[in-house]
Structure formats: C-alpha cells, structure tokens
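What follows is each chain in one-letter form.
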Amino acid sequence: MRTTLLLLLFTCGIHTVTSAQAQFYPTQYRPPQQWEQLTTPHFNLVYARGNDSTALEMGQILEEQYPDVQQLVGGQLSGFPVILNDYNDRSNGFVTPVHFRSEIELPPIKGKSLNPQTGGWLENVGPHELVHALQFNNLGKNNIPRLLSLFSPDLARSVHGAIPSGITEGIAVYHETEGVSPDGGRGQFPFFTNQFNAVFDSDQRWSMGQMVQASASTRPFNRHYIGGHAFTAWIQETYGYETTRKALGFYMDYPFLGYGMALRHTTGSWPGQLYEQFEDDRQQALNDRPESPTAAQVQVLSIPFKGREVRRPQWLSDSTLVFYGSFYNARPGFYRYNLKSDNIKQLVTTNSVGDYRYDLSEDRSAIVYSYYDSDPIYDRTYKAELVEYKLSTGKRRQLTEGGRLYAPQYDHDRLLALQTRPASAALVSVPRHGSRSEANPLLSSRAYEITAVSLHPDENQLAVIANKGGLQGLWITGRDSAAPALSGAPDISFENGAVFDPEWHPDGDKLLFSSGFSGTHQLYEYHLRDESVTRITQARFNAFEGAYSPDGSRIAFIRQHTNERLPAVLRRSAAAGDRDTVSPSLWRPSKIKTAKMRHTVVSDSVVTASETWSREPYSPGSGWLKPRTVLPTVNKVSNRDRYQLGLSLHSNNLLQSQAYSAEMSYLEEQLWYDLSYENKQFYPGFNLRLYSEPSYFRFSTTQNGFITLLRENRSLALSVPLDFQLNQNVFSTSFFIEPEFRYSQIRFRDVGLANTVSDFANSAVSNLYGQFNIRLQQNIRDVQPNSGLVLFSELEHYWSASDLRFSNGQDDVELTSRRPTALQAGVIGFLSPLRRWNQSLRLEIEGLTQSGPVFNNQSLVSDAFSEPVLATSDNLMSLSARYTIPLLFADDGGFLLPFYLNNLYMVAFSSSVTDPAVADWNKQSRSVFGLELRTRFRISNLSFDLGIGYGYEPTRQNHHIYFGSF
C-alpha cells in the first residue's frame, strides 16, 4: 500500500483516498508483555522484561557498527526504535519505513541461512538491519524526498522502497561480510555463495534483472540476496567503497530516474555494460572444480517434480530413503523414495523448522520432526512444536503444546530436542508418550548457541554442534559431562569454516559431518579410533546433510545442482577406497581458535559507555497521537464530476496496538470529516469510525422533473473483528467474523447552497460478516488454491429507520423507510485434477436476497457480461467456474527499466446468473462463457495482476471484450 501511495504522490502530487476505513498505519495484536526500554545514543530498544542482557548486547552491537554503516550508506539516526520480541520462533528481522522502526525476533534463525563465523544471531541480524535503517533515513538534500518529509517522513523514507530489493539486501549482506567479523557474513559462506556459482556456471545464468529482483516463483527465493550481494560486492571492489553512497545520494535527488541511472551517473557505465563486466570478472574468478574420482559411484535420485528442494535424507532401510521435500508443483513434507524402483510417495504434508532436523525411531517405524504452529489469535506468532508420525498407520500426533522445540532425537522413551532461548538455545529432554508435559533442561548457556545434537548409537555419548563467538565446532562428550566439555575448546573446528550436520555411523566408531572450510561445502568423516578426519565428497558446488545406510555401506546426502538441491547416494566402499585425509592442524584445537571463541565485535569503549545507558519501563504515552503523516486527499463524489478536497492525518503507536486516521475535506460550502480508530490492546480489539460523507441523489418530481440534491450522511460505526487461525501448516484453516453496529443520520441539502431542505432521518443498522476458510492449499507455482473451501456470508439489517420528508419548491418528497434486511452468502471450492501442472478449478455458488437496496447485486455478475444483469432484482443467484492454466513463469525483468514479469496464465470460465424468486427463473437466467489471458508483473516494487478477457453470451449472441484487474 505505501509504495502505491508514494507513486501517487510523485506522479500526481496528491493522495487519492479510496476508503477511509483502510488505515494508513496497520495494527497488530501481540502476546501480553511487560515492555521495557533501553536508551542508547542512537537507539531506543524496546524489549520484554527478562531480556535485559540481550537488549544490552544488541544495543552495544548497534552502537559499535553505527559509524561504519553510516560511512557505507549515509543517513543518521536518533532515538531509532528497535523492538526485540521473544515470542515468535519463525525468526526474522526487518526495517519498515512506515512508522520507521526495526523489529527483530530474538530466537535465532535455524539451519544454514547465515554464516556462523559472523558470531551469534545478534551479530548477524543487528548490523544487517542497521544498514537498512540508515539507508532509509538517508533523504539527501534539497530534493523531492526532503520536501515530502515535511508532510510524512515515513513516506519520504519509502522512496528507497522503489530501489530493487536485491540492491538493498545486497548492500546489507556486503556490510555483514566486510564490516562485522573477519571471516563472517554470507559473502564468505560457501553454502550461500556457491548457490550463485552453481547457477552462474550453468545454462540458467541469472540476468541482471533476476539478480536484483525478488523471485516470485523460481528458486532460490533468496535470489535477490545472493545475486544482489554478488553484484554489490563487485561494484564496491571495482569502483571503490564510496560508490554505493554516491549512487544512493544521486537516486534520492532524482528518484524518477531509478537506481539504474544512479549507477550510470556514479560509475560512468550503463547497467547492461556493468553486467557484462561483472560476468567477465566472475567467469575468470570461478575456479575449475573437478568432480571427485568417486563421482561415478554417486547415484543421483530421479525426483519427478519441478523446483526440487530436498533436505536431509535418512535411511528407512537399505533400499528406501525418507527426506523432506518442497517443490513447485507438489506439496511440501516428508517423502519416501525406493532406490530400486525410483518410486516416490509422500508420507506427510507439513512445513518444517529451518534446520530440517528430524529422527527415525530405532525400529524405523516412526518419524519425529518439528514444525511451526501458528498462534490462533496473536499476529505473526509461531511456535516450534514436535510431532510424531507413525509409518505403519499414517497417523501423526503433536507431542508438545507451546514447547518451542526443534531438532528432536529419540532417546528410549524420551526425546532430546533443542528449545528456543533469546539469541540462544537449550538442550532439553521431553517425554515421548503421555501428556504434553514441560521440557527438562539438560544443557544451556549464554556463552554459546547449540545448533545440533546427535546421540551415539549406544547412547552414552553426544555429538554437539555449538557456536562460541563465531567458532562453530563439534564436541564429542559424555551425556553427563556435556556442560564442562562445552566450556572448553571443540574437538573438531576450522578457522575458515563452520561445522554442521553431525551423524553417527551405525557402529559408533565414525561420525559424519559437513563443513565449508575449503571454500565448498563437503562431507567429512571423523574416525574416533585413530582420531583422523577424511573428506568423503568433492562436490563442485556443495554437498551436505549426509546419513549412513543401516549397514554403513552407503551415504545419502544433498548436492547443490544449479538452483536446486537434490538427493544423491554415494557407495561407501568407493569413498573408503580413496581416503583424503585432512591435516590435523586444520581441525584440532589451536590458540587462534581459542582466541576466536572469546572474540567480540564490541569494543571496550562501547562497553564502558553502555554502563551509563538508561533503562525504564516502556510506555507509549500520548506522543503517538501527533500525526506521523499529513496528506492531501481528493475523492470523486458519487457519479458526478465533483471532487472533495481535503487533508488527512495518520498515526499509530510503536507497538501497533492503536492507530487512527482523520480526514477533513470541503465540498459544497461545507466541511466533511472521516475519523477512524483501531485498538488491538486486547483481544479481539475494536474499530471505531465517525464520519460525514456527501453523495448526490437524483429525484423525479411531478412539477420540476428531475432534481439533484446533496445527501449528507453522518454515521458512527463500531465493529469488532475476530480472527482465528486454526491451522497454518501447509493447509490453511481460519475463521473471521466481524459484527458491526452503525447509527446514521441522513438529510438533504440544495446543490451549490448551504441551506438544508430536510431534517435528519435516523437509522440503526447492524451488519455481520463471516468467512470460514477450510484447508486451503496452494503450491509455489499455483495461481490459485488447488484444494479447500471458502464459506462466506454477510447479513445486514435496519433495526429502526425514520421516514424523511422535505419540500423543494412546489413538490413534496417523501422517502419511506422499509427497514430492509439483506443476506449475501456463498461457497467457493477448489480442486486440481492436474495439480502436477499447477492447474486448478474454482467452483463458486453465491446468492443474494434483500428486502431493499442494501447490497449491490451486480457484485454477483461477471465482468464478461456486456451489460448489467437483472439490475433491479432483490434476489439473485450465480454459479461460476474458473479453470486456471499457467502458461509461462518468466521471473525475469530489467534493471534500468524496472519492469519484471512474474507469469502469464490463461483462465477458461463460465458464469450463470438468475433470479430464483421468479416463476420462470430458468428462462430468465443469463450465462456467459469465455477466456481470459492474464499476467502478473511488477513495475519497480508495485505488483499488478492485469489481463484481457473475452465473454460470449450464446442466448443473446453478445460478445464482450474487457480489460483490467477484474
């Protein structure tokens, strides 16, 4: 929404308000917290009580990084709000220019998304978001954004939102790579960089536009991070450190020209020329990485889906694998694969926590895994929960409720798992059977973050992966001595890479793990008896997440192949025949590694200064009532060429529990107002709206023919939105209901004159809207859901309404209230007989009945009709079908001209409308058939879904061609 408003402001100089009920600033309902505030020289950190030390650490990191980031992107901050929430396990961090702030989830991101050598979660996320914050607050000097900031600093900052997201994210990844830790940042993380190399070295090389634009339906979905960083790093290295700041300055001075022109001004080369230079340099720098001599012994599995993202294969038997998979044209979840027949079958549909760690029971009869469970009422709140799936029965049972557990491991009648902590994790034990009891803590420390645990086959030892100060290594320890062991140095670690994916050999004498210390992620094996490490794979672009077969003769693992991650099986005998021993000096403890574990990105001077920072309970106070945005408004009134001009004020509080909009306008020598207020301080909250709005009405009189009067409608409306998220695990089930009560007064005025021609007529109206979404599911490249139901209805009733009488010259006009009742309801069903091709069918039946003109009955009529259908009927029913066929997934666009084509698809449809209350309803029914050709595309960061349609009504021989978003 905000980008659209920005575009309108730039192109028109005004903001067109289409609905005063749509708040400019959003609200959200958060879990109850006792919020506190830490004030530093540049930041106000807001956090929940109990997270004081974490907030202090984040404040220190941000203040330490501030000068370097400012040098990179410019801008300045004072009192910048940073919200630290600890209740959402689906971790992320973001900066938004609309109510300018940053928000960071304290639970760390799971898996291999970030470079552990940067440090912990705070060292990774804090500097990255700081780059965005300072960039957004770089408004330049004496330019359009500066002028705009007089009315809305938030909207002025949004000008940066028109820069391709890959550039914005690329700058941030560049800083986290060059400016935080010596070996840190995703730019020095092979798991990240080799995704670019694998695609660059293939026939699917990304275009310039693809590198810097977020992907809509093509993997990897962090492409704009990967490509954006590769290009930004090259720009900085080739044209100098000042290049980005200079380009941003030019862009803010001339935003209409786009960021491509800013690069042209700064570098002297057009984006196309820059891309050619970039390609040449990357081609020269790409090392020749031959496959291992054992490559012939690798069996690459044939996965019959598109967009294959397969993770962490495990062995059900010597001939059967199980793995987690996500695809363009199939549902995500766990799949079983037969190595002999290449047969694949989905076992369970589910999302997964980002590390994809799960475990098989000792008898291979069950799987335990973790998924994200959405909270039913709190916004943006997910908890990691454990689920056990029985292979024999196909049934699954959730083992925890609010457990915040992931990376589970079977341990007799209990489970080992990791549990979320702020910026850390704890090893805990939970019952496998019985009630959903609390977890029993086993190992936890603020000094390190545990990322994975593997239990030895005889269950007396643990292999623990933990990150200490940016050194992520592997500890092999007894169960009872884990805490003192982790206080020392790891048994296996590398100066130039992190350790991942511990898996024990069935005999317990060897341990498989992965690392990227060589510049490519590879599998390695640690031999406990002779204390040696050997390399198992020599993949060209990453091999990871290995697992031994039950007899230890083969290893299943994941390979990076262009933009996909595919499962493969390596014959263990072949690997053993050509052992590539890793020098002990690379992986054994050393003084350098010990020093690295004690490394901090915060200087002593910042630590000393932080002792004077103030803490206090956080309260929003009344300061948020000051408008954050003041916009000119213009509304077209009714169907006349008359426009209502005015100003609107908007604001919300920092935690987004309250928001308001206030518009004052002028028309026909009278002031009009529209005030709305949303409150989500408690569940379910409420919306309040007080408004007066004009409209023109035309009356037929006996003496004067048609006369036009101005209707004044002033109303007070109170609504209570109740939103329940019943299930958001691949299939979406939710329920929304919103009752509203509205009290209105209506009177008429002469057009062009201030005098009224009637008194007020009063009415009391109630409205009830409800929608029930049942198991909606949509795969990555589906244009619409492929399964599920939507039930919806809206009921409105006029409880009381007074008649209205007035005189106009010689004519008396009387409007008699009918106190109408109206009901509109329908059912939408989705199914997909050809789901593999992302095709789907939508069937809808919708009905309307009313005792007066309350709802517009043409909302049931397809745009394919060439004229209004049964426009005066108080009863209407429609039956429609839409079959959607994707034709093209381009996912490509330009940079200098920021047009980006997502997809092209065709729709075949039919629609029938009738009045079921008439005797010959079947004869009066109207039916239309047709085709639509539609496309989804972006211009800059604005998204559109437009097309052209053709409708044919055979009973009347009507043809109709129409355009738009329909």
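Structure shown above.
Residues numbered from 1 in each chain as written. Predicted model: local features only at pLDDT ≥ 70, side-chain atom pairs only at ≥ 80, totals over all residues. Heavy atoms only, no water.

### Quick notes on the overall build of the protein
For clarity, the cut-off: Helix and strand assignments follow DSSP, with helices taken as H or I runs no shorter than four residues and strands as E runs no shorter than two, numbered in order from the N terminus. Each residue's exposure class comes from its accessible area (1.4 Å probe, protein chains only) as a fraction of the maximum for that residue type: buried when under 20%, exposed when over 50%, partly exposed otherwise. In this analysis, two residues are considered to be in contact whenever any of their non-hydrogen atoms come within 4.5 Å of each other. Note on areas: Shrake-Rupley, 1.4 Å probe, and residue coverage restricted to the protein chains presented here. Note that His is not counted, nor are the chain ends; the positive residues are Lys and Arg, and the negative ones are Asp and Glu. Where a charge sits is defined by one atom per residue type, namely NZ (Lys), CZ (Arg), CG (Asp) or CD (Glu).
Helices and strands together make up the secondary structure of the protein, namely 18 helices and 50 strands. Over its C-alpha atoms, taken along the principal directions, the protein stretches across nearly 110 × 65 × 60 Å. When each of the 966 residues of the protein is scored for burial, the buried share is 56%. Within the protein, contacts between residues separated by at least 24 positions form 58% of all contacts whose residues are at least 6 apart in sequence. Of the roughly 39600 Å² of accessible surface on the protein, 52% is carried by carbon and sulfur atoms. Computing the positive centroid from 87 side-chain charges and the negative centroid from 97, the protein places the two 3 Å apart.

### Focus: the side chain of Ser 719
What counts is decided by this rule: Counting of polar contacts relies on pairs of N or O atoms within 3.5 Å, with two restrictions inside protein: one atom must be capable of donating a hydrogen and the other of accepting it, and residues adjacent in sequence are counted only when both atoms are side-chain atoms.
You can see Ser 719 is positioned in strand S36 (residues 705-719). Within the structure, the side chain of Ser 719 is placed 3.1 Å from the side chain of Glu 738, a separation counted as a polar contact. In this structure, Ser 719 is in contact with Phe 686, Asn 687, Glu 738, Pro 739 and Glu 740, ignoring residues within four places of it in sequence.

### Comments concerning the packing of aromatic side chains
To keep it simple, the criterion reads: When two rings of Phe, Tyr or Trp (its six-membered ring) have centres within 6.5 Å they constitute a pair, described as stacked for plane angles under 30 degrees, edge-to-face for angles over 60, and tilted for the intermediate range.
For the structure shown, the criterion picks out 43 aromatic pairs. With a centroid separation of 5.8 Å and an interplanar angle of 80°, the aromatic rings of Trp 234 and Phe 278 are classed as edge-to-face. Of the two residues, Trp 234 is situated in helix H9 (residues 223-239) and Phe 278 in helix H12 (residues 271-285); the sequence distance between them amounts to 44 residues. Taken individually, Trp 234 and Phe 278 each receive the classification buried, so the pair is uniform in this respect. Geometrically, the ring pair formed by Trp 624 and Tyr 660 is tilted, given 6.0 Å between the ring centres and 55° between the ring planes. Placement of the pair is Trp 624 in the loop between strand S30 (614-617) and strand S31 (629-636) and Tyr 660 in strand S33 (residues 658-667), with a sequence separation of 36 residues. Here the two residues Trp 624 and Tyr 660 agree in accessibility, since each one is buried. Feature note: the residues Phe 196, Phe 200, Trp 206, Phe 231, Trp 234, Tyr 239, Tyr 275 and Phe 278 constitute an aromatic cluster, connected by ring pairs.

### Section: the pattern of salt bridges
Going by this rule: By definition here, a salt bridge exists when the distance from a side-chain nitrogen of Lys or Arg to a carboxyl oxygen of Asp or Glu is within 4 Å.
By the definition in use, this model includes 44 salt bridges. Linking Glu 279 and Arg 205 is a salt bridge whose minimum nitrogen-to-oxygen distance equals 3.2 Å. Here Glu 279, found in helix H12, pairs with Arg 205, found in the loop between helix H7 (190-200) and helix H8 (208-212); they are 74 residues apart in sequence, far enough to count as distant. Of the residues examined, Arg 205 reaches a relative accessible area of 29% and is grouped as partly exposed. Ionic pairing is found between Glu 932 and Arg 882, a salt bridge with its closest N-O pair at 2.9 Å. Of this pair, Glu 932 sits in strand S48 (residues 926-939) while Arg 882 sits in strand S45 (residues 875-888), placing them 50 residues apart in sequence. Linked by salt bridges that have partners in common, Lys 112, Glu 309, Arg 311, Arg 312, Asp 501, Glu 545 and Arg 565 make up one network.

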